[in-house]
Every structure is written in structure tokens, then in C-alpha cells.
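Residue-level structural notes
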Amino acid sequence: MAEEALLTMRGICKYFPGVRALENVDFTLHSGEVHALVGENGAGKSTLIKVLTGVHAKDGGKIAMEGRPISPSSPLEAMKCGISTVYQEVNLCPNLSVAENIFIGREPKKAGGIDWKTINRRAAELLTTLNLNIDVTKTLGSYSVAVQQMIAIARAVDVDAKVLILDEPTSSLDEEETQRLFAVVRKLKAQGLGVIFVSHFLDQIYELCDRITVLRNGELVGAYAVAELPRVDRIPCVRFDEAKRLAAEKYGRPIRDPFDLEPEEEANIGRYFQEEYGADFVFVTHYPSKKRPFYAMDDPEDPRCTLSFDLLFRGMEVTTGGQRVHDYQAQVAKMGARGMHPEEFRDFLTIHQHGMPPHGGLGIGLERLTMKLCGLENVREASLFPRDQSRLEP
């Protein structure tokens, strides 16, 4: 990886009426680096990318490419600066040929007209360098989404891009297609491109990326080398009631409410695992909070707990969490016994069988994290029981 930065963004600010979208955000990208940008919805990822690509004008801060100040006012200007973007929804023309899409707006001319022979030849050659051998005269819409993304990448690279932004590129790809995309990204990385990889798939970030920048509420949480981050299968995992008991015993604070987590308890749980096990992260499952709908339906000491929150602690704070219905039929029965009408909450119950999207912090899909932590393939099963308690022994 080159020592000198390819792209730097310093103190970037962006405001909308009543909204602080970005506040003093820094970002650095090197040549030959794949750099993940992550954060929950609303963290500022898209806004940062739009500032970089000239969609939004920044309200503060500086941007430089290879040490040269830039301030693109449109995607076209950003492209001229060497910055290209491939969006989650491919923004090419499905009714045009593959070759036309690659060269649209910059077609080679001959005798006052478009040189179709050259366009088709150059398009085929370009795609071959990305290990994609297809008929470039066929319409773009006749190919799969995965192939269309490769074509979009080919176009981005052919405009002399130095920075390639991939916005959730694997969201609609299967595993085989994802691996083909990764092979292309690695090849571009070896050629010296800097790649910004926007994703919420933690396992893919570990597999592909060199560094990760985390945003939260429009602010920078930090930038980390992926190799130095703890893998999820090394994070201690413990039930909510057990975590409360361990922290209470160590710090002499009585448990006032078995159904809730007070700020001091939250800090003590994180502190306990840092001091006793050297763990910066801890995963706490089966948290039946009174602050959420349908509270007080579960006893945290009851292994048949059917509704809870799953929390990921980082240090002495909760960084992400999601609500989960563990046993649909048992939950319906409990609601009926309390005079509630489950039919009114069918959508809620169905959705939360698979875990609610995370509502804070890192913004990495809690269901995937839970699956990894518990070594399971089925999302719904993942939080039924944590790993063996022996994992918590020093």
C-alpha cells in the first residue's frame, strides 16, 4: 500500500435544513487499497459519497487527490478528477448495447459518424481484462444484474479512474457472483486503484477490505485496519441476566430491575469484560426491555424467553442492537393471555422473527453478526441460546 494518500477528505461538513448530515468527517484512501465505509442508515455514508462525487456541495472541509485540492461540483467533474461510482442500482441504459453503455458520451468517431467497429472491439477488450467474455453487441438488459455491475465497473475504469466507489455492490448478488466481483476488485487493487467499498456485510468486509471507516450520526467513529479488528467468532457471548449478575457481583451494585438495563449497569458490563477477559466487544442476548412494545412478557431467568433485544457492547457502551421474537407461537400465546390481540401485531411479530435492523452504532447487520457469533446458519435459531458458557472462562 502506498504511503502517500491518494484521496484525503478533511473536516467535511454538510448541513440540510434542520439536519446535520456530516460534522468534521475525515476520510483517507490510498492507492491499491480497498477501504470499507460503514454505518447505520442515516450515519452519513451516502452524503459523504455525494459530497465526494459532486452531487452535494460541502459546507466545510477540504478534499484533495494526490495532494491537489479538488472541489467537484458535479459527477462529471468528479469523473474528470478520477473518481467514478458504481451504484447499487446500475444506472446504465438497458435498451442500449453493452458497448454503447461503456462508451456513451465519448464514442470514437470516424468520417463524421460513430466508429461502431472500434467501439465494439475496445469494449470486448476492456471486458476481457476483467475476465468477462460476452457479446458486447447485445443489449445491457439481456444480462444479469451481476454482469451489468461488471460492465458498470468497466466503464468506470475506462474513464481513467483512480478512485472507484462501489455502493452496496453485493446486495443483489449470490455467493458465486459476489466472488467474481471480488476477483475483479482485487485485480483493480493490484493495478493501483483505490476502492471505496460501501457495505453492511461484515463477513465481506473482513474478506475483501484493508481498512474500515465507521460513521455514526454524521460523525467519524474511527478508521481501523481490518486485520486489527476482532473477528466476531472471538467475541464473548453471554445471556443478559448472566451479564447483569457478573457485573453486579464484581462492582457491588444490586440489581434493581431484572427486566431493564440502566446506564451504570451498561457501563459495568462493558467494564467487566474488558477487565476480566480483555475483550473490547461483548455480545449480550435475551434482553427483555421495558422500554419497548410487549414488555414484561418474559422472565430473563426463563430459558423459554420468546421476546428480547440482542445487544453488542463496545467498551462501556452499546453500539448496536435489534429486537427479536424467538418463538412465534409462544409469543402469540403470551399476548393472548394478557388480553392483547396478536392479529393486530402480525407484521411486527413476523418481521422480528428474523431480527429488527440495528438501531444504533456500527450499523452492521445484527442478524449476520448473531449468526457468526453462534456458529449457526439459520438467523431465527441464532439467538435462542448463546455459545457454551465455557467460552467465558479466563
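Scope of this entry: the structure provided in the associated data block. Bear in mind the structure is a predicted one, so any value in this text is a computation, not a measurement. (Residues numbered from 1 in each chain as written. Predicted model: local features only at pLDDT ≥ 70, side-chain atom pairs only at ≥ 80, totals over all residues. Heavy atoms only, no water.)

1. A few points about the sheet that holds strand β1 (residues 5-16)
Paired through backbone hydrogen bonds, the strands of a sheet run either parallel or antiparallel to each other. Taken together, four strands build an open sheet; the order of strands is β2-β1-β4-β5 and the sheet is antiparallel. Taken across any chain shown, the strands that pair with only one partner, and hence form the sheet edges, are β2 (19-30) and β5 (68-70). For this sheet the average axis-to-axis angle between neighbouring strands, irrespective of direction, equals 25 degrees. In the sheet, β1 pairs with β2 via eight bridges, with the strands oriented antiparallel. Across the sheet, L7 pairs through a bridge with L29, a residue of β2. Across the sheet, helix α1 (residues 45-52) is in contact with β1, β2 and β4 (60-65); its angle to β1 comes to roughly 115 degrees. (Pairing = 2+ DSSP bridges. Helix = DSSP H or I, 4+ residues; strand = E, 2+ residues; numbered from the N terminus. Axes fitted to C-alpha atoms, helices over the stretch in contact; angles between N-to-C directions. Contact = heavy atoms within 4.5 Å.)

2. Here we look at helix α5 (residues 145-158)
Between its first and last C-alpha atoms α5 spans 20 Å; for 14 residues at 1.5 Å apiece the expected length is 20 Å, and the two agree. Of all the 14 residues making up α5, 12 are buried; the element is thus mostly covered by neighbouring parts of the structure. Three or more residues of α5 are buried, namely A146, V147, Q148, Q149, M150, I151, A152, I153, A154, R155, A156 and V157. Contact partners of the buried residues in α5: β6 (83-86), α3 (98-103), α4 (116-129), β9 (163-167) and α6 (175-190). (Expected span 1.5 Å × (residues − 1). Buried < 20%, exposed > 50% of the residue type's maximum accessible area, 1.4 Å probe, protein only.)

3. Here's the deal with the environment of I63
Inspection of the secondary structure puts I63 in strand β4. Distance in space between the C-alpha atoms of I63 and R10 is 6.5 Å, their sequence separation being 53 residues. Excluding anything up to four places from it in sequence, I63 contacts L7, T8, M9, I12, V51, L52, K58, R68, P69 and I70.

4. Thoughts on the sheet that holds strand β10 (residues 194-198)
Spatial strand order, β6-β9-β10-β3-β11-β12: six strands in an open sheet with mixed pairing. Bordering the open sheet on either side are β6 and β12 (219-225), each of which pairs with just one other strand. Ignoring which end each strand starts from, the neighbouring axes of this sheet average 20 degrees apart. Set on the sheet, α6 makes contact with β3 (33-38), β9 and β10; between it and β3 the angle comes to about 125 degrees.

5. Thoughts on the packing of helix α8 (residues 240-251) against helix α9 (residues 263-277)
For the pair α8 and α9, the least separation of the axes is 9 Å and the interaxial angle reads 80 degrees. The angle between the axes of α8 and α9 places the two elements in the roughly perpendicular class. Counted together, A243, K244, L246, A247, K250 and Y251 of α8 and E265, N268, I269, R271, Y272, F273, E275 and E276 of α9 form the full contact between these two elements. Partitioned by chemical class, the residues of the contact of α8 with α9 number seven nonpolar, one polar and six charged. (Parallel < 35°, antiparallel > 145°, perpendicular 65-115°, else oblique. Nonpolar A, V, L, I, M, F, W, Y, C, P; charged D, E, K, R; others polar.)

6. Regarding the side chain of N101
Examined against the element boundaries, N101 turns out to sit in helix α3. Reaching out from N101, the side chain makes a polar contact with the backbone oxygen of L96 at a distance of 3.4 Å. With residues up to four places along the chain from it excluded, the contact list for N101 reads L92, C93, L96, L140 and R155. (Polar contact = N/O pair within 3.5 Å; in protein donor to acceptor, adjacent residues only side chain to side chain.)

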